[in-house]
Amino acid sequence: MPNCSAERGISINGHNLVMDTISPVRRSENMRRIRSADMKPEMTVRRLVHALGYRYRLHVKNLPGKPDLVFTRRRKVIFVHGCFWHQQPGCREGRPPGSNASYWGPKLLRNMERDAAALTALGAAGWRALVIWECEVDAPVLAARLRDFLGEPAT
């Protein structure tokens, strides 16, 4: 039985490269389904923060980076970042994809640059920010980390 990927791919220096088999229309549909808010890691953090007694606003548009959770009186924000989309260093899920590097490389680099600029702008405006990575959401120490960052909840 022939190797299907070799039939559709190109061989360069003995390495078979598989060509993209997804149409641009299908790719656009797939990308459009990826949401930027209310994803499972963000919802988990929101439930935990609420259970700890904190109240917050969501996705405040006039703050740099449109943080996921905003604690206005405390002047603190929390970002819940996906390891892949924001390229967490050292995380298995944060690796750039091996295929179509000319597309993904610049796209993911722009995300990282935008994140850094948002954190800098927030700091310059007197806000403190906490980034929680997707792979850290289930960590048992997350509640303590949130309490350390936010201080005591209002009673």
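Residues numbered from 1 in each chain as written. Predicted model: local features only at pLDDT ≥ 70, side-chain atom pairs only at ≥ 80, totals over all residues. Heavy atoms only, no water.

Below, the discussion takes up the sheet that holds strand 4 (residues 69-71). If you walk across this open sheet you meet the four strands as 3-4-5-6, and the pairing is mixed. Edge positions in the sheet fall to strand 3 (57-58) and strand 6 (128-133), since each has one partner strand and no second. Relative to strand 4, strand 3 is paired through two bridges, and the arrangement is antiparallel. Within strand 4, the residue paired with Arg-57 across the bridge is Val-70. Of the strands in this sheet, strand 4, strand 5 (76-81) and strand 6 touch helix 5 (residues 142-150), which is tilted by about 170 degrees from strand 6. (Pairing = 2+ DSSP bridges. Helix = DSSP H or I, 4+ residues; strand = E, 2+ residues; numbered from the N terminus. Contact = heavy atoms within 4.5 Å. Axes fitted to C-alpha atoms, helices over the stretch in contact; angles between N-to-C directions.)

The next subject is the environment of Trp-133. Along the chain, Trp-133 turns up in strand 6. Setting aside anything within four residues of it in sequence, one finds Trp-133 in contact with His-81, Gly-82, Cys-83, His-86, Gln-87 and Gln-88.

Take the pairing of strand 6 next. Examined bridge by bridge, strand 5 and strand 6 share six bridges and lie parallel to one another. Residue Lys-76 lies in a different strand from strand 6, and its bridge partner there is Arg-128. In this region the chain leaves strand 5, passes through helix 4 (residues 101-124) and returns to the parallel neighbour strand 6; the handedness of that crossover is right-handed. (Right-handed = clockwise from strand over helix to strand, strands pointing away.)

To continue, consider the side chain of Gln-88. Looking at the element boundaries, Gln-88 is found in the loop between strand 5 and helix 4. Take Gln-88: its relative accessible area is 12%, and that puts it in the buried class. In this structure Gln-88 touches Cys-83, Gly-94, Trp-133, Cys-135 and Glu-136, once residues within four positions along its chain are discounted. (Buried < 20%, exposed > 50% of the residue type's maximum accessible area, 1.4 Å probe, protein only.)

This part is about helix 4. Here helix 4 spans 34 Å end to end across 24 residues, near enough to the 34 Å set by a 1.5 Å rise per residue. Residues of helix 4 that are buried include every one of Trp-104, Lys-107, Leu-108, Asn-111, Asp-115, Ala-118 and Leu-122, and no others. (Expected span 1.5 Å × (residues − 1).)

Another aspect to go through is the pairing of strand 5. Counting buried residues along strand 5, six of its six residues qualify, which places the element largely inside the surrounding structure. With burial as the criterion, each face of strand 5 is covered, one bearing Lys-76, Ile-78 and Val-80 and the other bearing Val-77, Phe-79 and His-81. As judged from the three bridges shared by strand 4 and strand 5, these two strands associate in the antiparallel manner. Counterpart to Phe-71 in the pairing with strand 5 is Lys-76. Two successive antiparallel strands, strand 4 and strand 5, enclose a turn made up of four residues, where Arg-75 displays a positive phi of approximately 55 degrees.

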